[in-house]
Each structure stands twice: as structure tokens, then as C-alpha cells.
Amino acid sequence: MSNTATMMGLGSGSAATQAPKTRAYVACSASARFTALDISDPSNITVLSSLYDGTILNDIKALDLDLERNAAILVSSQNRIITVDISDPTNMSIIGSLQDAYNLDDCEGVKVNTTEQVAYVTAEDDYKFTVVDISNLSSMSVLGSYSNSTYMTMPRDVVFDASTNTTFVAVNSPGRIFAFDVSTPSSPAYVGLLTTVDLTSALFIAPDLANKTLYVTTHTGSSSSVASVDITSPSSMSVLDTINPSGQDECWSPAIDLTRSVLFVPSNTGPLTVIDVSNPSNMTEISYQNIGASNAYAVHDDATSTLYVSWTNNIKSFDTTDTSALVELDALNDTTNLYFAGAIVLA
């Protein structure tokens, strides 16, 4: 069983089996920073440390954690995958970096498989899905990749289902979900493709893997939506339902509370929408409020019913006990350590 951390777009499992999260890790793209936060008290978020490297950490787009080895795995638009030692969150350090303009050109998404010690990476400008060997954190190497310049233009988020050895990739243009069999890491095999207007400009995925459902955020011009996708059979995926969250023209990176089947969808213009996904075939909006966020990333700690949202220079925490009216717990604004805060994971 993988022990990768709760992250933007990734479910956190049952609160009954998980302890409350105490740390958050944030990629700050434009400032070339990777920041660790103390969230042991959600009403008092504090910075533990911030790692800066103007070259290696420039424009980090996504991250995941390998907690078995106390490592963070980051990917950037500068054709890099980076490993960071987080054993001491007050004193983090870079372990290794692999730059590959052919297989990792403009990385957008990453998911770690701790069992196989590989990372699944999407490379937007190469139209690629790439598998990277991270068994040696200081000396990584590309194992294999899949490329399709016709159908996989702008691959974005990626999710791994360990029960079927399948990865799912959201493709932004024109809007698709790819499924790959990754049983053989050196040769990821295409197994399924879902193309529909309901997935136009797909961006991010929040998975409920226990129920074989992906929640995909999309945007088209001035409208935006969330689509629920049935992945029971990766070779024949289907859209179950779509919903247009109130006040949103571009849904961004969502979080899911798997214990209550609730989806939290931030946007690029301020709103945060809460959606009941207990019936994926009939999603319903619970509430909507403007939290002032733009291009926001959300992650949820199911054990404490706390939502964390990161954007620009900000991290906000919310008590989600009452999903009809979220309560803001803390708002940390830091123009140095959180400058252009983006992707966020919890541990």
C-alpha cells in the first residue's frame, strides 16, 4: 500500500485510519522556492523553512511525497524532476535533479508509486507521459514514455490506481482522459481514451479510487465545470455527470473529503464551491463563497475536517465541519516564503 501524502487532487483515505496532518509542503513556482509549513494547529499556520534554488527549483508545477524515504518529488516547467530531503522540515535540502528536454519538456503533473519507486510525470510540450526511476533519489533516470502529438496535447494532472496498475492523465487540449497500464514501467501501455465535450480543457483530477471515480475540473471560455468519470473499466471510461459550480469561469485544483463524499473546488477568480458527490451520477452544489483566491490549489485533511487553500502569497485554512458554511481558521500571507504559492501536499 502506497504511503504517498494527501495532495492537491488526491484523496486522503479514511479519517478513521489516519492521524491528523501536521505539515504542509508548498511549491512556489515563480520564486523558485519549496516551503514547509507547520499545520499542527490549523488556526496558527507557521513557516518551518523555505528552500530556494534559482535554477533547480525554478517554476515548480507539481509535487508528491515519498514518506517512506522522507523525500519530496517535484517537477518543473524547466524539464526537471527534483528530489528533496524533508527528513528535517526545518532544514530541507536538494538530493538530486534530472533534466531531460526530450522526456520531461515542461512538466505539469507527478504521482509517486512508492512500491515500485517510480514517478509518473506528464510533459506538456512533449505530449508525453513519462515513467522515471527514483529508486536512487540522487541519480534518477527515465524508464519509458508514451507520446501522442495528436491526441495528448497539453497533458496535465496524473493519478495512479495501485489496484489496477493504471495511471490516468487529464489532457487539456481539447479535453480527454488517457488510461495507461504501468505494470511494466519501462513500457507504459495505452489502454483507454475518453474524449467528450464534457472534458473540454481538462485541468486537474480529484480521485475517489475506492469507488472508481475521477472528478475532473474543466474550463471553456467563460464557463467551467466538474465532470465525474467512471474508471471501473479503464478501457471504456464514461462521464457520469457534470456540474457548473456557481460563480466560476475556471475551476482549478480540487480537494476531496472521502469520508463524507464532498468535493471542494477553488477557482482562478475567487470563489470556492462545495459539492456533494455521494452520488457521482447526480452531483449537487452545497455551498459557495468567495475566498479571494486565484489559480488556487486545495487539499483536505479528512481527520480534522480542515481544508487548506494555497495561491499567490497565501495559505488559508477552513473548518469544513459545516459544509454549508466553511469557517476560516487562519490566513497566512508571506510575500517571500509563499511568493506565487501553488501545488500543496500534506503529511
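Residues numbered from 1 in each chain as written. Predicted model: local features only at pLDDT ≥ 70, side-chain atom pairs only at ≥ 80, totals over all residues. Heavy atoms only, no water.

As a further point, take the overall build of the chain. Along its length, the chain carries zero helices and 29 strands. Here the C-alpha coordinates of the chain stretch approximately 45 × 45 × 40 Å along the principal axes. Taking all 347 residues of the chain together, the buried fraction comes to 59%. Contacts in the chain between residues at least 24 apart in sequence constitute 50% of all its contacts with a sequence separation of at least 6. Accessible area of the chain: about 11800 Å², with a carbon and sulfur share of 43%. (Helix = DSSP H or I, 4+ residues; strand = E, 2+ residues; numbered from the N terminus. Buried < 20%, exposed > 50% of the residue type's maximum accessible area, 1.4 Å probe, protein only. Contact = heavy atoms within 4.5 Å. Areas by Shrake-Rupley, 256 points an atom, 1.4 Å probe, with all protein chains shown as cover.)

Turning next to the pairing of strand β11 (residues 128-133). Looking down a regular strand, the side chains alternate between one sheet face and the other. For β11, a buried count of six out of six residues is recorded, marking the element as mostly surrounded by other parts of the structure. Residues of β11 alternate between two faces, with Lys-128, Thr-130 and Val-132 on one and Phe-129, Val-131 and Asp-133 on the opposite face, all of them buried. Linking strand β10 (residues 118-123) to β11, which pair antiparallel, is a turn of four residues; within it Tyr-127 sits at a positive phi near 55 degrees. By the bridge criterion, six bridges tie β11 to strand β12 (residues 141-147) in an arrangement that is antiparallel. Considered in β12, the bridge of Lys-128 is made with Ser-147. (Pairing = 2+ DSSP bridges.)

So, on to the pattern of salt bridges. Applying the stated criterion to the full structure yields seven salt bridges. A salt bridge links Asp-161 to Lys-212; the nearest nitrogen and oxygen atoms lie 2.6 Å apart. Note that Asp-161 is positioned in strand β13 (residues 153-161) and Lys-212 in the loop between β17 (202-208) and β18 (213-220), a separation of 51 residues in sequence. Here the two residues Asp-161 and Lys-212 agree in accessibility, since each one is buried. (Salt bridge = Lys/Arg side-chain N within 4 Å of Asp/Glu carboxyl O.)

The subject of this paragraph is the sheet that holds strand β27 (residues 314-319). The four strands are arranged β25-β26-β27-β28 in an open sheet whose pairing can be described as antiparallel. Both edges of this open sheet fall to β25 (297-301) and β28 (327-333), since each of them pairs with a single strand only. Across the sheet, the axes of successive neighbouring strands diverge by a mean angle of 20 degrees, strand direction being ignored. Pairing of strand β26 (residues 306-311) with β27 involves six bridges; the strand directions are antiparallel. Paired with Leu-307 across the bridge in β27 is Phe-318. (Axes fitted to C-alpha atoms, helices over the stretch in contact; angles between N-to-C directions.)

With that settled, the discussion passes to the confidence of the model for the chain. In this model, the chain carries a mean pLDDT of 93, and residues with pLDDT of at least 70 account for 94%. The low-confidence segment residues 7-16, where pLDDT is below 50, has 41 contacts with residues more than four positions distant or belonging to other chains. (pLDDT = per-residue confidence, 0-100.)

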